[in-house]
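# Fold and geometry: a report
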Amino acid sequence: MPDTEWLNSIYTDSKKLKREAAKRRKAYKELSVLKSSVQEYIDDGWEVDKELKIKTRIRKPWSHDEKLENKVWYLFHLLGYPEISEGRNFQVTIKRKGADPYTKQIDVLAKDDETVVVTECKSSARITRRSLQKDIEEFANLKSPIANAIKKHYGPHYKPKIIWLFVTSNIAWSQPDRQRAAGARINIITEKQLRYYVQIADHLRAAARFQFLAEFLQDQKIPEMDGIHVPAVRGKLGGKVFYSFVSTPKQMLKIAFVNHRSLNDPAGAPSYQRLVSRTRLRQVSRFIHGGGFFPTNILVNFSRKCRFEHVAKDEETNVIFGNLYLPSQYRSAWIIDGQHRLYGYAPLSDKHLNQNIMVVAFENLKKEEEANLFVTINHEQKSVPKTLLDDLEGELKWGSDRPTERIGAVSARLIGLLNNDIGEPLYGRVTQQGISPTEKTCLTVPALKDGLRRSGLVGEAILKKKEFAPGVLCGTNDTATLDRARSALNSFFQLLANANVTQWESGRQGYLCTNVALQAYLKLFSSLVDYMESNKGLSARELEPNDLVSEVEEYMDPILLWLSEATASQIEKRFKVQFGSGGPREYYYRLCQMICESFSDFSPEGMDEWVKGQSEELVDDADKKLKELNIHVQKTIFATFKQQYGTDGDAYWNKGVIDKKIKTRAYEKSLDDDDEDRLPLENYLDFIEYKKIVENKVHWNIFKSLFDIPEPGEKGYSKNVRWMERINELRRIPAHATEKRHYKPIDFEYIDYIYEEFMGRLNPEDLAASNQEVAE
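Residues numbered from 1 in each chain as written. Predicted model: local features only at pLDDT ≥ 70, side-chain atom pairs only at ≥ 80, totals over all residues. Heavy atoms only, no water.

Below, the discussion takes up the overall build of the chain. Across its full length, the chain holds 31 helices and 21 strands. Sequence separation of 24 or more characterises 68% of the internal contacts of the chain that already satisfy a separation of 6 or more. As displayed, the chain has an accessible area near 38,500 Å², and 47% of this comes from carbon and sulfur atoms. (Helix = DSSP H or I, 4+ residues; strand = E, 2+ residues; numbered from the N terminus. Contact = heavy atoms within 4.5 Å. Areas by Shrake-Rupley, 256 points an atom, 1.4 Å probe, with all protein chains shown as cover.)

This paragraph deals with the side chain of Thr481. Structurally, Thr481 is set in helix H17 (residues 478-499). Apart from residues no more than four positions distant in its own chain, Thr481 is found in contact with Val410, Val458, Leu473, Cys474, Gly475 and Arg486.

What follows covers the sheet that holds strand S12 (residues 229-237). By definition, the strands of a sheet pair up through backbone hydrogen bonds, in either a parallel or an antiparallel sense. The strand order S14-S18-S15-S19-S13-S12-S17-S16 describes an open sheet built from 8 strands, whose pairing is mixed. Strands at the two margins of the open sheet, each flanked by one partner only, are strand S14 (256-258) and strand S16 (308-314). Across this sheet, the average inter-strand angle for adjacent strands is 35 degrees, counted without regard to direction. Strand direction decides the pairing type here: S12 and strand S17 (residues 319-325), joined by 6 bridges, are antiparallel. Bridging from a neighbouring strand, Val233 pairs with Phe321 of S17. (Pairing = 2+ DSSP bridges. Axes fitted to C-alpha atoms, helices over the stretch in contact; angles between N-to-C directions.)

On to the nonpolar core, then. Of all hydrophobic cores here, the largest spans 66 residues; its most connected members are Leu489, Phe493, Tyr521, Leu524 and Phe525. With 11 residues, helix H19 (residues 515-536) is the single largest residue contributor to this core. Residues within four places of Leu524 in sequence aside, it is in contact with Met556, Ile559, Tyr588, Leu591, Cys592, Ile595 and Phe602. (Core = buried A, V, L, I, M, F, W, Y, C linked by side-chain atoms within 4.5 Å. Buried < 20%, exposed > 50% of the residue type's maximum accessible area, 1.4 Å probe, protein only.)

What follows covers the packing of aromatic side chains. Within this structure, the stated rule accounts for 36 aromatic pairs. A centroid spacing of 5.9 Å and a plane angle of 20 degrees characterise the contact between Tyr589 and Trp610, whose relative ring orientation is stacked. Here Trp610 lies in helix H23 (residues 607-614) and Tyr589 lies in helix H22 (residues 582-596), a separation of 21 residues in the sequence. The residues Tyr589 and Trp610 share a single accessibility class, namely buried. Three or more aromatic residues joined by ring pairs make a cluster, and in this case those are Phe638, Phe641, Tyr645, Tyr652, Trp653, Phe703, Phe707, Trp723 and Phe758. Taking the ring centre of Phe257 as reference, the NZ or CZ of Arg331 above it sits at 4.1 Å. Over the face of the ring belonging to Trp562 we find Arg574, whose NZ or CZ atom lies 5.4 Å from the ring centre. (Phe/Tyr/Trp six-rings, centres within 6.5 Å; stacked < 30°, edge-to-face > 60°. Lys NZ or Arg CZ within 6 Å of the ring centre and 35° of its normal.)

Moving on, we get to helix H15 (residues 403-420). Taking 1.5 Å as the rise per residue, H15 with 18 residues should run 26 Å; its terminal C-alpha atoms sit 26 Å apart, in good agreement. Those residues of H15 not exposed but buried are Pro403, Glu405, Ile407, Gly408, Ala409, Val410, Ser411, Ala412, Leu414, Ile415, Leu418 and Asn419. (Expected span 1.5 Å × (residues − 1).)

Here we come to the pattern of salt bridges. For the structure shown, the criterion picks out 36 salt bridges. The shortest N-O distance in the salt bridge between Arg331 and Glu215 comes to 2.9 Å. Placement of the pair is Arg331 in the loop between S17 and strand S18 (333-337) and Glu215 in helix H8 (residues 208-216), with a sequence separation of 116 residues. Residue Glu215 is classed as buried on the basis of its relative accessible area of 17%. Across the salt bridge formed by Arg429 and Glu505, the nearest N and O atoms sit 3.9 Å from each other. Of the two residues, Arg429 is situated in the loop between H15 and helix H16 (445-455) and Glu505 in helix H18 (residues 501-505); the sequence distance between them amounts to 76 residues. (Salt bridge = Lys/Arg side-chain N within 4 Å of Asp/Glu carboxyl O.)

When pLDDT is averaged along the chain, the result is 82, and 83% of the positions lie at 70 or above. Low pLDDT (under 50) marks residues 26-59, which in the prediction has 53 contacts with non-local residues, meaning those over four places away or in another chain. (pLDDT = per-residue confidence, 0-100.)

Topologically, Leu618 is positioned in helix H24 (residues 616-645). When the C-alpha atoms of Leu618 and Phe748 are compared, they prove to be 7.3 Å apart, with 130 residues separating the residues in sequence.

Under the 1.5 Å per step criterion, the end-to-end length of helix H10 (residues 278-289) is 16 Å for 12 residues, consistent within 8% with the ideal 16 Å. Considering only its buried residues, H10 is in contact with helix H7 (191-204), helix H11 (339-343) and helix H12 (350-353). Positive backbone phi, approximately 100 degrees, marks Gly291, located one or two places after H10.

Structure follows, in structure tokens:
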């Protein structure tokens, strides 16, 4: 057995450890003006010199391997480990008989009274696929020497549970490597999982260590929990065994586990819990510290059958009284409801940790039953976020006979797969419930689900017949659909990513890998498949996924070529569309327009209407007609008043315009002009004020023949002047032009209708004279 010893020390002095942590923490906080979150700061990997002024504090960026090791170090600090390895050169010397001694670097080591965590870190500047066989085998072979070194350093009476971690960033794990690690009992943490642990540790601090240990010491014994029993009642609810008892936070925290959706642990599928809220935790802790308590149960599920000593039974209710022996293994009590109430005790003193709390525990519930209980409870008490419900649909609605639920479930699972495919274009780009989004991680499950639904790629729900119509990416069953769609969409989005890597990686700021953009591209993919089938006579569903993408790629060439040469400002100018439900539609038709320039017969549904809305000729004609309507309405009203009341003084104005507020506003506007430029007061009225003048009961009879215009297709009312409100709204398009404000196809038809109706009622001679004035 080789002899081992520490080459250098770890941080055992609490003050020294705090100084090192404070240095890093200070760096994170001081750059908060530049970074929106600690996570972004860590991800960007800036090293900070605390001796310098803030303006020169940024010294140099960490290398990708330093960045990973620092993030892991900071995680263990947040988890409250009292001893953490010092610096990057923490090493163990290994001596073998008949051989020269050699050293092995341990990237990060953390130790408390019960556990030691030994961490090996591997990273890459870019996402890459590489074999880790050599690294795993070397790490596995050194487990025993390192364990001996720990024993030698801390003495024979210290018998910790050792957690072996292999943490990677930007490395795509192969299945054989995963199997090698599992065989050597080495736990894998990828950058996505590390982000989760840092986030929950930042929220819970030392309390997060319970969740961390539960993940990596699952089913291992907790010595101090052995033999712990509490008085309890056993019965049945809905046919399921339950226990009702009083315990303490100190006991429950050790065995508890929260099935967070953000971690998405396969062993806990379906995962359903929201990430804890730091604000809510602080509120709970303050409430408890101030003497408060919760008269409600924490609801858990024991993952194994518990020992229960029968004492008495109530025959009428079939309830049994006795002693319940609490599970003594990590991760044996899965919290269904009450995570904030339980973890709120974690930062408090032993006085509070030993207080009584009420618990109801089910026994051996399936994870699907846990998830349904969670949704039922929280949907009734506090609305479950739509993001979480959409994400959960892939688990809870899987196999549904309802077409809409079936499509939703397939879409939710598909999005999860695309987000977890390391090395693929959407890897890590979808936000997780409870974890803050970033500029790059900005896609959401609800938006992408909506895009898939609208595209019909994974099926359509025929609502009238309540039938499911398979989409072009559907397989023989829903599982086959996932495989087929996953492959096709990864290939399709890779085309976009390769066309302009910079903009794709820019996320929200790049206008290429955003919710709006991907919804548009999903719809475009569907339209191009239809176009390909009609042009080439191929059946899309008979093609392999990659072959299908290859067939439509030639139609994508105009877009891909343009993207490859476009600057950031050019992409923004062309594809920055309005927020809201109309954004993806607008983006989609702009993409279609680019394809139409090369393939003139490409005309997806709705394209003609959109083109009409963009036509400069139609726009110019609409602008001209609105201007003429405004002029003729005003001239007609005041020509009538002059004929009715005469032109002596301001008689036509004073008797015609009865509303004092209208008069006052017109007069105030006229004061903005110089005396020599001031016009008659009727020239300072707004169009909507003409409506008020016309519909006044004093004058309606003299204007009715000209202004009484029913809405298209309607029989009309006693006063049909609603058209004046609509025309007033439409006038704002040319009067207050912006990139996002434009006519809709239906607007052109409406303007034509009103123009013809009103102009056709005017006296031809008066109209001709008026038109001459307009032209001049």
